[in-house]
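Commentary on secondary and tertiary structure
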Number of protein chains: 2
Amino acid sequence: MAVNTCDPALRSWVKSAHAAGTDFPIQNLPYGVGRVLVPETTQAGADVMVAIGDQALSLRRLAATAALDGLDDGVKQACREITLNALMSLSKEQLRMLRERISALLEEARVETMPHRAAVEAALLPQSSVFPMVPAAIGDYTDFYASIFHATNVGKLFRPDNPLLPNYKYVPIGYHGRASSIVPSATSILRPKGQLAGAQGTAPSFAPTRMLDYELEVGAFVGHGNGFGHPVPIDEAREHLFGLCLVNDWSARDIQSWEYQPLGPFLSKSFATTVSPWVVTLDALEPFRVSAYERPSEDPASLPYLNGEDDQRRGGFDVRLEVLVETPRMRDAGEAPFLLSRSNLRELYWTPGQMVAHHTSNGCNLRTGDLLATGTVSGSETTARGCLLEITARGAQPVVLRNGESRKFLEDGDTVILRGYCERAGAARIGFGECRGTVEPAR
Amino acid sequence: MAVNTCDPALRSWVKSAHAAGTDFPIQNLPYGVGRVLVPETTQAGADVMVAIGDQALSLRRLAATAALDGLDDGVKQACREITLNALMSLSKEQLRMLRERISALLEEARVETMPHRAAVEAALLPQSSVFPMVPAAIGDYTDFYASIFHATNVGKLFRPDNPLLPNYKYVPIGYHGRASSIVPSATSILRPKGQLAGAQGTAPSFAPTRMLDYELEVGAFVGHGNGFGHPVPIDEAREHLFGLCLVNDWSARDIQSWEYQPLGPFLSKSFATTVSPWVVTLDALEPFRVSAYERPSEDPASLPYLNGEDDQRRGGFDVRLEVLVETPRMRDAGEAPFLLSRSNLRELYWTPGQMVAHHTSNGCNLRTGDLLATGTVSGSETTARGCLLEITARGAQPVVLRNGESRKFLEDGDTVILRGYCERAGAARIGFGECRGTVEPAR
């Protein structure tokens, strides 16, 4: 009998899972991979984990007990891997069984009759003792440009008369990113060096970027890939996605503007991309599916291969997003980070499903663990701009922080924190945790 | 005692290895991975192999005998893998030992006294019985734009007054390619569908490309990577490269021109990229190292991070390249393929070492098995244009083939064949074999 694991009435015996404002109630159960920090030991491996409240449940440890008995061997094996790839490639039915089992093991109402309580408690670790890893072996990382507000804001800076290029409303613009330099949350970000254009025809210099920026993005991990030469139809597209995470696509704007013609951004992005530790499954996001962005009536219809009835009806996700900055001065003074902007994933011009359909429309094969990021998620409001390039109009209008400091771009020591969560009446809050990184001076 | 494995006087007892015009004399010994086609069996695995004449020597089979005794366990283990990654990450000394051993086992002068002749013969398979695989697990694929002749020819088509962008002579322009759709030679290439621009402001259509093209490129495989945040200095850059292969970066020009602003080519390239089976090591290419391309005196000097004394002196490679096309009519008539162009790797504006130094200059980490392709290798002559876009001026001047057929772009059934080889007096010919693919109609 299927269990509604999103039922807002469910409660966990892990008390922090129903603390106010927690990202990880029992309705969420996002997956991640972490290294356990055991003092005075060096543990090389990593565990597949599930977040619950402020704890992380090690599925590797659980799979060594009887607590997962009855699940397929394939499911149990996936719990013992050091990436989520095997888990992401499980069948929908296998994933449902695993989710229901984990939910049952953590559910308050079953705690008295639960046979594996000791095993589950032994597999629970404080999240603060876990060092997050990039959750999947990412074969290819693709970055889209799905916010029309971002594309317009950026376009205005470079082409005031013609901010949006003619292809934008037809093509879910994207480009290949660099997979090797995707790093987990909390990894320090070295200020990169690169070529900076010289003034009026003089030679460029090679120097640390003076325009270091973040980009607030969401990433979708591919669960099931598609075969080489086999496009994915739009209304099957979302079935290929496993879950979402937060992505900070760090960018060096001066390097970017000099290098990007004619083949696009390269070293201005490839120095680092940070992903959040926890992958929130589409199952957990089910209550927050919404219709696709409603385009202005004068906009053209999507071409048929991008226009799916189901995708239009519930291909969007109502995920609230925030960017905060914590400067060294705030840190020293014990002040809270400063909120730079808020936006929402539902305002994207293209849905994640449209990204999959477009990406595969030429026969390109996606593989389990591939990461499709949205591009900067900006909204229609001026308070919803997802990068400093937009907020400060390329440094022309510095943003003033609460403590009187100002920023054109990021300075050394600044920590950027991305947050994401879903909230609505009648549903449990589903959060993404944090994606953070601190800028270190150039070497 | 070190052996000069490039000595042109060396001969193999494998007779085809000194047939006139062979790509694979004993001085070459390129590595590859192949599946052995054994009739009436289904063999799932793949063998690391070395090409010698028209044969392929299975190192997996050899490693199961005493023929590799005395070599490190790490070396023998690398020979048993199903990709070249472990082999590519061996130390210089380990690779030298392996190369010397393979050379010794195949050398004519040692055949009488050689203890492992039977084992070696049992590990030799006709290349015609081996199905080539992509030789490495390619984590990231980067494609450069290193031919100034290509950049200029293409630029002229789109910007007649300003063909070369201001960054070109400073920045080794590159972009991230798609790793998942890299396929081995002989894989059929489905004509991709995609968005084609509508006439003057009308909506685009979604249809099979009408401008399918090849690009003649060379790829360099990374042997030893670099750490995240640790740039590779220019004069150490070449030490990070393991060897070269041929690359056909199939391109759909109509999809490309509509989609590429502002983030660069995406679906116009990601449908397929073909690599040749054999990776020719830099050791084998040692006799063909030449000085970097001599720039016109009016060109600016490279910035210091790209300007290495050793790289300038011998960072180029004298590799002759050819593209041929075989149309269905030629095939039916038993005619030889038609030579479309010839060029040379030494004419690239940027050396492979400069590509490595540039790529890592922002701290981006390269990993073993990564593929860095050159971009289309065109030369200064009109006969040295490495793609149809250039040869036919975007279809305006169709190329007439020997049999009277003509081509603006590729047609269904056309086979494109890339070849590469090194030749000079006093050295053995070092060849790359072929990189081929046949266009199939869109589905």
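Rules used throughout
- Residues numbered from 1 in each chain as written.
- Chains lettered and ligands numbered in written order.
- Predicted model: local features only at pLDDT ≥ 70, side-chain atom pairs only at ≥ 80, totals over all residues.
- Heavy atoms only, no water.
- Helix = DSSP H or I, 4+ residues; strand = E, 2+ residues; numbered from the N terminus.
- Rg over C-alpha atoms; globule rule 2.2 N^0.38 Å.
- Buried < 20%, exposed > 50% of the residue type's maximum accessible area, 1.4 Å probe, protein only.
- Areas by Shrake-Rupley, 256 points an atom, 1.4 Å probe, with all protein chains shown as cover.
- Lys, Arg positive; Asp, Glu negative; His and termini not counted.
- Charge placed at Lys NZ, Arg CZ, Asp CG, Glu CD.
- Salt bridge = Lys/Arg side-chain N within 4 Å of Asp/Glu carboxyl O.
- Contact = heavy atoms within 4.5 Å.
- Buried area = accessible area lost by both parts, 1.4 Å probe.
- Polar contact = N/O pair within 3.5 Å; in protein donor to acceptor, adjacent residues only side chain to side chain.
- Nonpolar A, V, L, I, M, F, W, Y, C, P; charged D, E, K, R; others polar.
- Pairing = 2+ DSSP bridges.
- Domains from an automatic or database assignment.
- Least-squares fit on C-alpha atoms with pLDDT ≥ 70 in both.

1. Structural notes on the overall build of chain A
Each helix and strand counted, chain A has 14 helices and 26 strands in total. The globule rule puts the C-alpha radius of gyration for 443 residues at 22 Å, and the 22 Å found for chain A is close to it. Along the three orthogonal principal directions, the C-alpha set of chain A runs to about 75 × 55 × 40 Å. Taken across its 443 residues, chain A has 64% of its residues classed as buried. As displayed, chain A has an accessible area near 16,100 Å², and 52% of this comes from carbon and sulfur atoms. Computed over 43 positive and 51 negative side-chain charges, the inter-centroid distance for chain A is 3 Å.

2. What to know about the pattern of salt bridges
Counted by the stated rule, this structure contains 64 salt bridges over all chains. The partner of Arg110 of chain A in a salt bridge is Glu107 of chain A, and the shortest N-O contact between them spans 3.0 Å. Judged by relative accessible area, Glu107 of chain A falls into the buried class, the value being 12%. In this structure, Glu93 of chain B and Arg96 of chain B form a salt bridge, with 2.6 Å as the shortest nitrogen-oxygen distance. Linking Glu93 of chain B with Arg96 of chain B, this pair stays in helix H4 (residues 92–106), spanning three residues, or about one helical turn. Via salt bridges that share partners, Arg238, Glu286, Arg289, Asp310, Arg313 and Arg314 of chain A belong to a single interconnected network.

3. Quick notes on the interface of chain B and chain A
Contact with chain B, which involves 60 residues of that partner, is made by 60 residues of chain A. Roughly 5,500 Å² of surface becomes buried between chain B and chain A when both sides are summed, with 62% attributable to carbon and sulfur atoms. It is His176, Leu263 and Phe266 of chain B in chain B that bury the most area against chain A; as a group they hold 15% of the surface buried on that side. Summed over the shared surface of chain B and chain A, the result is four salt bridges. With its nearest N and O atoms 2.7 Å apart, the salt bridge here joins Arg178 of chain B to Asp370 of chain A. At the surface where chain B touches chain A, the tally comes to 32 residue pairs in polar contact (both at pLDDT 80 or more). Counting only elements with at least two residues in the side of chain B that touches chain A, the list comes to strand S6 (141–144), strand S7 (174–176), strand S10 (193–196), strand S11 (205–208), helix H8 (253–259), helix H9 (267–270) and helix H13 (352–360) of chain B. Sort the elements by how many residues they give to the side of chain B that touches chain A and S7 of chain B lands first, with three residues. A class-by-class count of the residues in the side of chain B that touches chain A yields 31 nonpolar, 22 polar and seven charged.

4. Section: the pairing of strand S2 (residues 47–52) of chain A
Residue and element names in this part refer to chain A. Where burial is concerned, most of S2 is hidden: six out of the six residues are buried. Neither face of S2 is left uncovered, since the one carrying Asp47, Met49 and Ala51 and the one carrying Val48, Val50 and Ile52 both have all their residues buried. Alignment of strand S1 (residues 31–36) against S2, held across four bridges, turns out to be antiparallel. The residue bridging Val33 from the neighbouring strand is Val48, located in S2. Two strands pair when backbone bridges link them, and S2 and strand S3 (residues 55–58) are joined in this way by four bridges, in the antiparallel orientation. Along S3, the bridge assignment pairs Met49 with Ser58. Hairpin connection from S2 to S3: two residues lie between these consecutive antiparallel strands, with Gly53 at a positive phi of about 55°.

5. Some thoughts on the domain arrangement of chain A
All names here are of chain A. Taken domain by domain, chain A consists of domain 1 (15–132) and domain 2 (141–440). The centre of domain 1, based on its C-alpha atoms, is set 29 Å off from the matching centre of domain 2. On the side of domain 2, 25 residues touch domain 1, which itself brings 27 residues to the contact. For the pair domain 1 and domain 2, the summed buried area comes to about 1,900 Å², and 64% of that belongs to carbon and sulfur atoms. Joining domain 1 to domain 2, the criterion identifies two salt bridges. The salt bridge involving Lys92 is made with Glu239; its shortest N-O contact spans 3.0 Å. Where domain 1 meets domain 2, there are 10 residue pairs in polar contact (both at pLDDT 80 or more). Contributing elements (two or more residues each) for the side of domain 1 that touches domain 2: S1, S2, helix H3 (85–88) and helix H4 (92–106).

6. What to know about the side chain of Thr142 of chain B
In this structure, Thr142 of chain B sits in strand S6. Given a relative accessible area of 0%, Thr142 of chain B falls into the buried group. Polar side-chain contacts of Thr142 of chain B include one of 3.4 Å to the side chain of Arg178 of chain A.

7. Focus: the environment of Gln256 of chain A
Residue and element names in this part refer to chain A. On the secondary structure map, Gln256 appears in helix H8 (residues 253–259). Judged by its relative accessible area of 15%, Gln256 falls in the buried class. Setting aside chain neighbours within four positions, we find Gln256 in contact with Ser251, Pro265, Ser268 and Lys269.

8. Regarding the relation of the copies chain B and chain A
When chain B is brought onto chain A, the operation consists of a screw motion whose angular component is 180° and whose axial shift is 0.0 Å, with 0.0 Å RMSD remaining. Both chain copies can therefore be described as sitting about a two-fold axis. No C-alpha of chain B approaches the rotation axis more nearly than that of Gly264 of chain B, which lies at 2.1 Å. Most of the interface of chain B is mirrored in chain A: 100% of its interface residues are interface residues there too.

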